[in-house]
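Residue strings, one per chain:
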Amino acid sequence: MNKTKRIALCGMLTALALALSLAERMIPLEWIVPIPGVKLGLANVVTMFALLFLKPKEAYAILFCRVVLAALFAGSVTQLLFSLTGGMLALTTTWVLLHKQGTWFSFYGISAASAAMHNIGQVLAAMFVMQSVDVIAYLPLLLVSAIPMGFVTGAILDVMQKHMRHFNLTGHLNG
Amino acid sequence: MKNKIPLKLGDFALFAVIIALACGVWIRLALMQTEQTYGEIVVDGTLYREIKLGGTEQETITLEGRTGEVTIEIDGDRMRFVSSQCPDHTCERTGWISRVGQSAVCLPNRVMIKITGINQDGVDAVAQ
Amino acid sequence: MKKRWLCTAAVTILMMAVLAGCGQKEVTQDFYAMDTAMNIRAYGSNAQDAVNQCVRYINQLEQDISRTREDSDIYALNHAQGDWVELSEQTTDVLEQALRLAEETEGCFDPTIAPLSDLWGIGTEDARIPAQAEIDTALELVNYQNLQMNGTSAALPEGACIDLGGIGKGYAADQVAQILRDAGVERAVITLGGNIYVLGEKEDGVPWTIGITDPDSAGDYFATLQVSDTSVVTSGDYERYFEQDGERYCHIFDPETGWPAQTDLRSVTVVSECSTDADAYTTALFVMGSERAMEFCEAHDIEAVFVKTDHVVHVTEGLRDKFSLTSSEYTYEE
């Protein structure tokens, strides 16, 4: 796949991730888990997809663009900082764990770990911004909720990856 | 096989690590909380301020009650009415309070201070 | 495929349910009524409504039995100059209870003590030691037997005065406890100006821990009681007092002498399922002094804690396993 195609794909993935992250704000998850800013992490699916089929460098770029744009569209500077710390930490975790995907780990476990790292990053950023350790009280609940959230994104990824085989997108990319 | 979630051994290790981490933080917090006490200032039935006690905090708070100015002192893990513009000065005589369940009140000014927190060796109420 | 989604959904929902369901809701409300600070802390789904109902009830009770409100029954009775006054059923009930307790305690608790307490003015800026002649004049007006009752009407000699402050909070606590019970609230702590009523037990099935005020330092407590479904009321010389020439004059009067009660007691705590009784008993027992008070408790099956001036604490038999001393300043005596 040539450079133009890759860039176009990256742009499309960024747009998709942005749309997903904005859409999931409409899901009132706070009713179930009483923590401000709790999210399903659907945009994480896109990030993992990018890691699977593109280069890590591109995955990081997509993540960065998505987080900045999401903050621009609906959010604040503090939120940007939270998402960026959480996102980078999550992405790095995913990247490392994906090397053993299929042998040691499945998408479910990787998604859960990634969600957990995302939450840890967010809480760390919040502690730094608010100059207070009180935020850490949210962490246990956030960590536990990372497992069901991981199952949701993991399932999506599992299904999607199987379907992608038929499209042979990878062939185009690598060709 | 196809109908099952294809979990691998490592997944369970990841879940275990996450849950262990959550429990660890939670237990640590719970332990901290049992020692944590708060000083509440209630003016006319509504919470005016809540102060974390137990540190080295020194603070003097002055507020306006019904009959005049009320001054409250915070000193580490305890608090008291220092002075109050009221007819009876009962609140000043009450002295320091520091244990969960203790309270002091300035009736004419309708200002109350009380110690709250997870009740460990404190009391649920005090008969006065 | 379907099964996997079902499984995922089930796991998710289960996790959420576990996370969401945490403990019973606590409702706590601070408010002022009957010249004192009150707090009701109740647990359960219906607690907020029940607590609101209690606050409304206390305000309405105060309208009936307040001495200072010009529209109250008691104000009308005190200012009727000997005429008969028609009372509400509620006021009648409180007055009847007051009379019953005055009789039972042989006048050591007396709801007609007001002319004396007004004369001394303890707890106000005008507190003073009156002349003996003034005390004697006031004493003539103090006698619960002066109060005549006939159905829901009552009469009082001119100049005499009813003050239900001595049992009003206790009566209110009993009624509030009943309102909460009727509303299905099983656990609550009612604090009406230092009168405690606890409903049920704590969440883990452990009795409530109630502190008893340290007469030497009114912000602190010197002992605790482990109780459930009962009322705890304390009266002592530290509540309202004034000092002159090194002598302390407290707000509890001896209806015999017309002087503030000066006995070998610093405080009396009564534990009873009836807060009205407990409220009147603490006053009466304080006036009696330790020896007579202990005999009275024995005769009337009253459970009490006495703190004497020499820092010796005496506890009646039924409370001994519920009582624990937390201050080393006091010594415990069987």
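Worth saying up front: this structure is predicted, and the values here are computed from it rather than measured. (Residues numbered from 1 in each chain as written. Chains lettered and ligands numbered in written order. Predicted model: local features only at pLDDT ≥ 70, side-chain atom pairs only at ≥ 80, totals over all residues. Heavy atoms only, no water.)

A. Up close: the overall build of chain B. Within chain B, the secondary structure is distributed over two helices and eight strands. From first element to last, N terminus to C terminus, chain B shows the α and β order α-β-β-β-β-β-α-β-β-β. Looking at chain B as a whole, 42% of its 128 residues qualify as buried. Partitioning the intrachain contacts of chain B with sequence separation of at least 6 by distance along the chain shows that 31% fall at a separation of at least 24. (Helix = DSSP H or I, 4+ residues; strand = E, 2+ residues; numbered from the N terminus. Buried < 20%, exposed > 50% of the residue type's maximum accessible area, 1.4 Å probe, protein only. Contact = heavy atoms within 4.5 Å.)

B. Just the overall build of chain A, in detail. For chain A, the count of helices and strands is seven helices and zero strands. The secondary structure elements of chain A, listed N-terminal to C-terminal, are α-α-α-α-α-α-α. In chain A, once contacts between residues fewer than 6 apart in sequence are set aside, the share between residues at least 24 apart is 72%. On chain A, roughly 8,400 Å² of surface is accessible, and the fraction owed to carbon and sulfur atoms is 72%. (Areas by Shrake-Rupley, 256 points an atom, 1.4 Å probe, with all protein chains shown as cover.)

C. Molecular detail of a negative patch on the surface. Residues and elements named next belong to chain C. Residues Glu291, Glu295, Glu298, Asp301 and Glu317 make up a contiguous surface patch of negative charge. On the secondary structure map, Asp301 appears in the loop between helix 9 (290–300) and strand 14 (303–308). Asp301 sits in the exposed class, given a relative accessible area of 71%. (Patch = residues over 30% accessible without salt bridge, like charges linked within 9 Å, V, L, I, M, F, W, Y side chains within 5 Å. Salt bridge = Lys/Arg side-chain N within 4 Å of Asp/Glu carboxyl O. Lys, Arg positive; Asp, Glu negative; His and termini not counted. Charge placed at Lys NZ, Arg CZ, Asp CG, Glu CD.)

D. Quick peek at the environment of Ile97 of chain B. If you trace the backbone, Ile97 of chain B turns up in the loop between helix 2 (90–94) and strand 6 (103–106). Separated by 16 residues in the primary sequence, Ile97 of chain B and Phe81 of chain B place their C-alpha atoms 9.5 Å from one another. Other than its neighbours up to four places away in sequence, Ile97 of chain B contacts Asp77, Arg78, Met79, Gln102, Ser103, Ala104, Ile113, Lys114 and Ile115 of chain B together with Gly219 of chain C.

E. Highlighting the interface of chain A and chain B. Between chain A and chain B, the contact holds 23 residues from the first and 17 residues from the second. Between chain A and chain B, a total of about 1,600 Å² is buried, with carbon and sulfur atoms accounting for 83% of that surface. Sorting the residues of chain A by area buried against chain B places Pro140, Leu143 and Ile147 of chain A first, and these three jointly supply 26% of that buried surface. The interface formed by chain A and chain B contains zero salt bridges. Counting the contacts that link chain A with chain B gives three residue pairs in polar contact (both at pLDDT 80 or more). When residues of the side of chain A that touches chain B are traced back to their parent elements, those giving at least two are helix 5 (107–130) and helix 6 (139–167) of chain A. (Buried area = accessible area lost by both parts, 1.4 Å probe. Polar contact = N/O pair within 3.5 Å; in protein donor to acceptor, adjacent residues only side chain to side chain.)

F. Summary view of the sheet that holds strand 4 (residues 148–150) of chain C. Residue and element names in this part refer to chain C. The sheet built from three strands is open, its strands ordered 3-5-4 with antiparallel pairing. Among the strands making up the open sheet, the edge pair consists of strand 3 (85–86) and strand 4. Two strands pair when backbone bridges link them, and strand 4 and strand 5 (residues 153–155) are joined in this way by three bridges, in the antiparallel orientation. Along strand 5, the bridge assignment pairs Asn150 with Ser153. (Pairing = 2+ DSSP bridges.)

G. Representation of the interface of chain C and chain B within the structure. On the chain B side, the residues contacting the 37 residues of chain C number 32 residues. Carbon and sulfur atoms make up 49% of the surface buried where chain C meets chain B, a total of about 2,800 Å² over both sides. For the chain C face of the interface with chain B, the top three residues by lost area are Asp30, Tyr32 and Tyr221 of chain C, together amounting to 27%. Counting every contact that joins chain C to chain B gives three salt bridges. Seen at the junction of chain C and chain B, the total is 15 residue pairs in polar contact (both at pLDDT 80 or more). Taken together, the elements giving at least two residues each to the side of chain C that touches chain B come down to helix 1 (2–20), strand 1 (26–33), strand 2 (36–43), strand 6 (187–192), strand 8 (208–214), strand 9 (217–227) and strand 10 (230–236) of chain C. If you tally residues by element for the side of chain C that touches chain B, the top one is strand 8 of chain C, at six residues.

H. Broad picture of the environment of Asp254 of chain C. Residue and element names in this part refer to chain C. Relative to the elements of secondary structure, Asp254 occurs in the loop between strand 12 (247–250) and strand 13 (265–272). Sequence separation between Asp254 and Asp110 is 144 residues; the distance between their C-alpha atoms is 9.1 Å. Ignoring anything within four residues of it in the chain, the contact list for Asp254 reads Trp259, Pro260, Ala261 and Val287.

I. Just the packing of helix 1 (residues 3–23) of chain A against helix 2 (residues 43–53) of chain A, in detail. Residue and element names in this part refer to chain A. Look at helix 1 against helix 2: their axes get within 7 Å of each other, and the N-to-C directions meet at 155°. By the angle between their axes, helix 1 is roughly antiparallel relative to helix 2. For the pair helix 1 and helix 2, the contacting residues are Leu13, Leu16, Ala17, Leu20 and Ser21 in the first and Ala43, Val46, Phe49 and Ala50 in the second. Residues belonging to the contact of helix 1 with helix 2 are distributed by class as follows: eight nonpolar, one polar and no charged. (Axes fitted to C-alpha atoms, helices over the stretch in contact; angles between N-to-C directions. Parallel < 35°, antiparallel > 145°, perpendicular 65-115°, else oblique. Nonpolar A, V, L, I, M, F, W, Y, C, P; charged D, E, K, R; others polar.)

J. Representation of the pairing of strand 11 (residues 241–244) of chain C. Residue and element names in this part refer to chain C. Judged from the four bridges that link them, strand 11 and strand 12 form a sheet pairing that is antiparallel. Note on strand 12: the bridge partner recorded for Phe242 is Tyr249. In textbook terms, the turn of a hairpin is the stretch between consecutive antiparallel strands, and for strand 11 and strand 12 this stretch comprises two residues, one of which, Asp245, has a positive phi near 50°.

K. Representation of helix 4 (residues 89–104) of chain C. Residue and element names in this part refer to chain C. Compared with the 22 Å implied by 1.5 Å per residue over 16 residues, the 22 Å span of helix 4 between its first and last C-alpha is a close match. Within the span of helix 4, buried status applies to Gln90, Thr91, Thr92, Val94, Leu95, Gln97, Ala98, Leu99, Leu101 and Ala102. For helix 4, the secondary structure elements touched by its buried residues are helix 2 (47–65), helix 3 (73–78), strand 4, strand 5, helix 7 (165–182) and helix 8 (275–288). Looking one or two residues beyond helix 4, the residue adopting positive phi is Glu106, at roughly 50°. (Expected span 1.5 Å × (residues − 1).)

L. Here's a closer look at the packing of helix 4 (residues 77–98) of chain A against helix 5 of chain A. Residue and element names in this part refer to chain A. In the contact formed by helix 4 and helix 5, the axes pass within 7 Å of each other and the chain directions differ by 150°. Considering how the two elements wind past one another, helix 4 and helix 5 form a crossing that is right-handed. Classifying every residue of the contact of helix 4 with helix 5 by side-chain character gives 14 nonpolar, 11 polar and no charged. (Left-handed = near helix turned anticlockwise from the far one by under 90°.)

M. Fine view of the sheet that holds strand 3 (residues 58–64) of chain B. Residues and elements named next belong to chain B. Pairing is antiparallel in the open sheet, where three strands are placed in the order 3-4-5. In the strand order of this sheet, the two ends are held by strand 3 and strand 5 (78–84), each with one partner. Each neighbouring strand pair of the sheet contributes to a mean axis angle of 20°, computed without reference to strand direction.

N. Just the environment of Glu203 of chain C, in detail. All names here are of chain C. Position of Glu203 relative to the elements: it lies in the loop between strand 7 (195–199) and strand 8. With relative accessibility at 59%, the residue Glu203 sits in the exposed group. Once the C-alpha coordinates of Glu203 and Arg187 are considered, the two residues, 16 residues apart in sequence, prove to be 8.0 Å apart.

O. Summary view of the nonpolar core. Judged by nonpolar contacts, the single largest core of 74 residues is most densely connected at Ile58, Leu95, Leu180, Leu285 and Phe306 of chain C. In terms of residue count, helix 2 of chain C provides more of this core than any other element does, nine residues in total. Residues contacting Phe306 of chain C, with those up to four places away along its chain left out, are Leu265, Ser267, Val268, Leu285, Ala293, Met294, Cys297, Val312, Val313, His314 and Thr316 of chain C. Among the nonpolar cores identified, the runner-up in size contains 27 residues, and Leu9, Ala50, Ile62 and Met164 of chain A belong to it. (Core = buried A, V, L, I, M, F, W, Y, C linked by side-chain atoms within 4.5 Å.)

None of this, on its own, says anything about what the molecule does.
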